[in-house]
Amino acid sequence: MANINIQELLENGVHFGHLTRKWNPNMAPYIYTERNGVHIIDLYKTAAKIEETSEALQKIANSGRKILFVATKKQAKDIVAEKAKAVNMPFITERWPGGMLTNFVTIRKAVKKMAQIDRMKQDGSFDALSKREKLQINRQREKLEKNLGSISDMTRLPGALFIVDIKKEHIAVAEAMKLNIPIFAMVDTNSDPRLVDYVIPANDDASKSIDKVLSYVTDAIAEGLSDRKADKEKVKETKAATKAPKVEEAKVTEVKVEAAKVEETKAEVTEKPAE
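Now for a quick tour of the structure. (Residues numbered from 1 in each chain as written. Predicted model: local features only at pLDDT ≥ 70, side-chain atom pairs only at ≥ 80, totals over all residues. Heavy atoms only, no water.)

### Brief notes about the pattern of salt bridges
Here's step 1: Under the criterion given, the structure shown has 10 salt bridges.
Here's step 2: Across the pair Lys 73 and Asp 205 runs a salt bridge, and its minimum N-O distance is 2.8 Å. With Lys 73 in the loop between strand S4 (67-70) and helix H3 (74-86) and Asp 205 in the loop between strand S8 (198-201) and helix H7 (207-271), this pair connects stretches of sequence that are 132 residues apart.
Here's step 3: Linked by salt bridges that have partners in common, Lys 73, Asp 165, Asp 204 and Asp 205 make up one network. (Salt bridge = Lys/Arg side-chain N within 4 Å of Asp/Glu carboxyl O. Helix = DSSP H or I, 4+ residues; strand = E, 2+ residues; numbered from the N terminus.)

### Things to note about the sheet that holds strand S2 (residues 31-35)
Hydrogen bonding along the main chain pairs the strands of a sheet, whether they run parallel or antiparallel.
Here's step 1: Pairing is antiparallel across the open sheet formed by 3 strands, whose spatial order is S1-S3-S2. Because the sheet does not close on itself, it has two edges, and the strands there are strand S1 (16-19) and S2. Taken over all neighbouring pairs, the strand axes of this sheet differ in orientation by 30 degrees on average, direction set aside.
Here's step 2: Sheet analysis places S2 next to strand S3 (residues 38-41), joined by 4 bridges and oriented antiparallel. Following the sheet pairing, Arg 35 is matched in S3 by Val 38. (Pairing = 2+ DSSP bridges. Axes fitted to C-alpha atoms, helices over the stretch in contact; angles between N-to-C directions.)

### Focus: the packing of aromatic side chains
Any two aromatic rings considered together are summarised by their centre-to-centre distance and by the angle between their planes.
Here's step 1: In the structure shown here, the tally under the stated rule is 2 aromatic pairs.
Here's step 2: With a centroid separation of 5.5 Å and 35 degrees between ring planes, the pair formed by Phe 69 and Phe 162 is classed as tilted. Of this pair, Phe 69 sits in strand S4 while Phe 162 sits in strand S6 (residues 160-164); the two residues are 93 residues apart in sequence, bridging distant segments of the chain. Each member of the pair, Phe 69 as well as Phe 162, is classed as buried.
Here's step 3: The ring centre of Phe 126 lies 5.3 Å from the NZ or CZ of Lys 121, which sits over that ring. (Phe/Tyr/Trp six-rings, centres within 6.5 Å; stacked < 30°, edge-to-face > 60°. Buried < 20%, exposed > 50% of the residue type's maximum accessible area, 1.4 Å probe, protein only. Lys NZ or Arg CZ within 6 Å of the ring centre and 35° of its normal.)

### So, the nonpolar core
Here's step 1: Leu 9, Ile 67, Phe 69, Phe 162, Val 164, Val 213 and Ile 221 are the most contacted members of the largest nonpolar core, which has 34 residues in total.
Here's step 2: Looking at this core, the elements that each hand over two or more residues are helix H2 (43-62), S4, H3, S6, strand S7 (183-187) and H7.
Here's step 3: If one sorts the elements of this core by residue count, H2 sits on top with 7 residues.
Here's step 4: For Leu 9, the residues in contact, after removing those within four places along its chain, are Ile 4, Val 14, His 15, Leu 43, Thr 46, Ala 47, Ile 50, Lys 212 and Tyr 216. (Core = buried A, V, L, I, M, F, W, Y, C linked by side-chain atoms within 4.5 Å. Contact = heavy atoms within 4.5 Å.)

### Quick look at the packing of helix H4 (residues 104-123) against helix H5 (residues 131-148)
Here's step 1: Between H4 and H5, whose axes approach to 10 Å, the crossing angle comes to 135 degrees. Taken as axis vectors, H4 and H5 run oblique relative to one another. The interaxial crossing formed by H4 with H5 has left-handed handedness. From H4, Ile 107, Ala 110, Val 111, Lys 113, Met 114, Ile 117, Asp 118, Met 120 and Lys 121 reach across to H5, where they touch Ile 137, Asn 138, Gln 140, Arg 141, Leu 144, Glu 145 and Leu 148.
Here's step 2: In terms of residue class, the contact of H4 with H5 is made up of 9 nonpolar, 2 polar and 5 charged. (Parallel < 35°, antiparallel > 145°, perpendicular 65-115°, else oblique. Left-handed = near helix turned anticlockwise from the far one by under 90°. Nonpolar A, V, L, I, M, F, W, Y, C, P; charged D, E, K, R; others polar.)

### Description of unusual backbone geometry
Here's step 1: The phi dihedral of Asp 165 falls on the positive side, at around 75 degrees, and the residue is not glycine.
Here's step 2: On the basis of relative accessible area, Asp 165 is assigned to the buried category, the value being 9%.

### Quick word on the sheet that holds S6
Here's step 1: Overall, parallel pairing links the 5 strands, which are arranged S5-S4-S6-S7-S8 in an open sheet. With one partner strand each, in any of the chains shown, strand S5 (91-92) and S8 form the two edges of the open sheet.
Here's step 2: With 2 bridges connecting them, S4 and S5 associate as parallel partners. Looking across to S5, one finds that Val 70 is bridged to Ile 92.
Here's step 3: Across the sheet, helix H6 (residues 170-178) is in contact with S4, S6 and S7; its angle to S6 comes to roughly 160 degrees.

### Digging into the environment of Asp 192
Here's step 1: As for its position among the elements, Asp 192 is in the loop between S7 and S8.
Here's step 2: A residue is classified by how much of its surface remains accessible, and Asp 192, at 15% relative accessible area, is buried.
Here's step 3: If we skip the residues at most four places from it in the chain, Asp 192 touches Asn 24, Asn 26 and Ile 166.
Here's step 4: Here Arg 194 takes part through its side chain, which lies 2.9 Å from a polar atom of the side chain of Asp 192. (Polar contact = N/O pair within 3.5 Å; in protein donor to acceptor, adjacent residues only side chain to side chain.)

### Re H2
Here's step 1: A rise of 1.5 Å per residue sets the reference length of H2, with its 20 residues, at 28 Å; its end C-alpha atoms lie 28 Å apart and thus fit the reference within 8%.
Here's step 2: Of all the positions in H2, only Leu 43, Thr 46, Ala 47, Ile 50, Thr 53, Ser 54, Ala 56, Leu 57, Gln 58, Ile 60 and Ala 61 are classed as buried.
Here's step 3: The opening residue of H2 is Asp 42, an N-cap whose side-chain oxygen sits 3.1 Å from the backbone nitrogen of Tyr 44.
Here's step 4: Following H2 by one or two positions, Gly 64 adopts a phi angle in the positive range, close to 95 degrees. (Expected span 1.5 Å × (residues − 1).)

Structural measurements only, silent on function.
Below, the structure is given as structure tokens:
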């Protein structure tokens, strides 16, 4: 796992909090000082929390469960989409679909509808529709793709959520809490860290800050996925190695049986009286 560089966090503005009048008192343990009416986040605590979060996310990725990234604010959505795609994780960067977690069955039906439209286009049945019907179905497909396209491979509830700005994504936070899904989040000085299982105190408004923190997080996830792949390869090699001796043993046994048969035949020929 990569070492957290305090200087890099500083250069990317991770330490800038909100105006002091907008602060949440529960963020006090993570605030270093106040400057020009703005709270300054303690970057040493941020670094420690990034390490803790990265370790936990690495374990989740290694277990094979998905981590759902959530960020619908303008300055975060493109960064989150790019970082999540890089580690093959689902993400929500448009509007959060109500019931995304608590009514997951219905969401899966909508995703299946999208797949059904794709099949229609492939088997030619789409071409048989009228121009108006084609237009309606294409619009429906575009809408589904925009809202749910990034979670089309998510066949079950995620193992965790990673959220940028828990105030904006309060519905996602509420749904995850209801289902006891672990929440990892970048939490600014205006938010309540008690709602989150793994807090990363950081500036969640600046794109540079979001990019830097997510780089550390996704690197840890990539490491977890890599370890999982390596473990699978080891299991395959072990199985192959245990099968090989058995095959050799079977061949030796077969040779011994054949040799015994030859000896028996020789004995019979020797014992048979001459005519």
